[in-house]
Amino acid sequence: MWRLSFSSLACLFFLTTAASAQTGIATTWLTHDGQGVVEIAPCGGKLCGRIVWLKTPTDDKGAALTDQNNPSQKLRRRPICGLAVLSGLQPDKSGGWDGGKIYDPEEGDTYDAAMKLAGPDRLTVTGYLGVKALGQTFTWKRYALPASQRCSTAAQQ
C-alpha cells in the first residue's frame with residue numbers, strides 16, 4: 001500500500017513538474033535584437049510560438065511586412081506579424097525543450113531548435129542544423145506585452 005502511494009506521488013510530481021515547465025515558458029518573449037515579441041504556447045502536446053509584436057511592423061511605404069524571403073513563392077505575401085516561427089518543441093532530459101523548428105523570416109531559413117530557461121526571465125534559444133553545438137544561441141527576455149500592442153487578429157490569420 002505504501003509503495004503504491006509513493007509511486008502515485010512520484011508520478012504526480014513528474015507530471016506537475018512537466019506542466020509547470022511548459023507554463024514557465026508559455027508566455028511572451030522579447031527577441032535578442034529587441035525587434036519582435038514571440039508568444040510561446042502549448043500546441044498539440046508540444047510548444048509552438050508566433051510573432052505577436054514587431055518594433056517596425058511596416059515597410060518604408062507603410063505596408064505591413066510580409067514573409068518576402070520565404071523560399072516558397074506562395075508564402076511570401078504572409079504578414080510577419082502573427083507568423084508562426086517556432087514549432088514542435090518537446091521537453092528534453094536536461095529540463096529544456098528540443099526537437100523543434102525555428103523559422104527566421106529575415107533570411108527565409110528554417111533551423112532545428114532548442115530552448116532552455118536561463119533564469120526566471122531569460123530564455124536561451126538555439127538554432128542549429130543537425131549538431132546543436134555548432135548552432136547559434138540567442139537570449140530572449142520575458143516581456144509583458146500589453147494586449148493593445150499585439151498584432152491585429154486579422155494579420156494572424
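Our subject in this report is the structure included herewith.

**Quick notes on the state of the cysteines**
One pass over the structure, following the stated rule, counts two disulfides. Each sulfur in the disulfide pair Cys 43 and Cys 48 lies 1.8 Å from the other. Judged by the sign of its S-S torsion, about 55 degrees, the cystine formed by Cys 43 and Cys 48 is right-handed. Overall, the relative accessible area of 28% leaves Cys 43 in the partly exposed class. Across a sulfur-sulfur distance of 1.9 Å, Cys 81 and Cys 151 are joined as a disulfide pair.

**As for the nonpolar core**
In this structure, Ile 25, Ile 40, Leu 86, Met 115, Leu 123 and Trp 140 are the most contacted members of the largest nonpolar core, which totals 22 residues. Every element with two or more residues in this core is listed here: β2 (36-43), β3 (46-54), β4 (84-91), β5 (97-104), β6 (109-119) and β7 (122-128). In terms of nonpolar packing, the next biggest core, distinct from the first, is built from five residues, Leu 30, Val 37, Val 52 and Trp 53 among them.

**Details of the pattern of salt bridges**
Under the counting rule described, the total for this entry stands at five salt bridges. Here Arg 78 and Asp 67 are joined by a salt bridge, their closest N and O atoms 2.6 Å apart. Of this pair, Arg 78 sits in the loop between β3 and β4 while Asp 67 sits in the loop between β3 and β4; the two residues are 11 residues apart in sequence, bridging distant segments of the chain.

**Here we look at the side chain of Thr 28**
Note that Thr 28 resides in strand β1 (residues 28-30). Accessibility expressed as a relative area gives 6% for Thr 28, which makes it buried. Polar contacts involving the side chain of Thr 28 include one to the main-chain carbonyl oxygen of Tyr 143, which spans 2.2 Å. When residues no more than four places from it in sequence are discounted, the contact partners of Thr 28 are Val 37, Val 38, Glu 39, Val 52, Lys 141, Arg 142, Tyr 143, Ala 144, Leu 145 and Arg 150.

Quick notes on the rules
Residues numbered from 1 in each chain as written. Predicted model: local features only at pLDDT ≥ 70, side-chain atom pairs only at ≥ 80, totals over all residues. Heavy atoms only, no water. Disulfide = S-S within 2.5 Å. Buried < 20%, exposed > 50% of the residue type's maximum accessible area, 1.4 Å probe, protein only. Core = buried A, V, L, I, M, F, W, Y, C linked by side-chain atoms within 4.5 Å. Helix = DSSP H or I, 4+ residues; strand = E, 2+ residues; numbered from the N terminus. Salt bridge = Lys/Arg side-chain N within 4 Å of Asp/Glu carboxyl O. Polar contact = N/O pair within 3.5 Å; in protein donor to acceptor, adjacent residues only side chain to side chain. Contact = heavy atoms within 4.5 Å.

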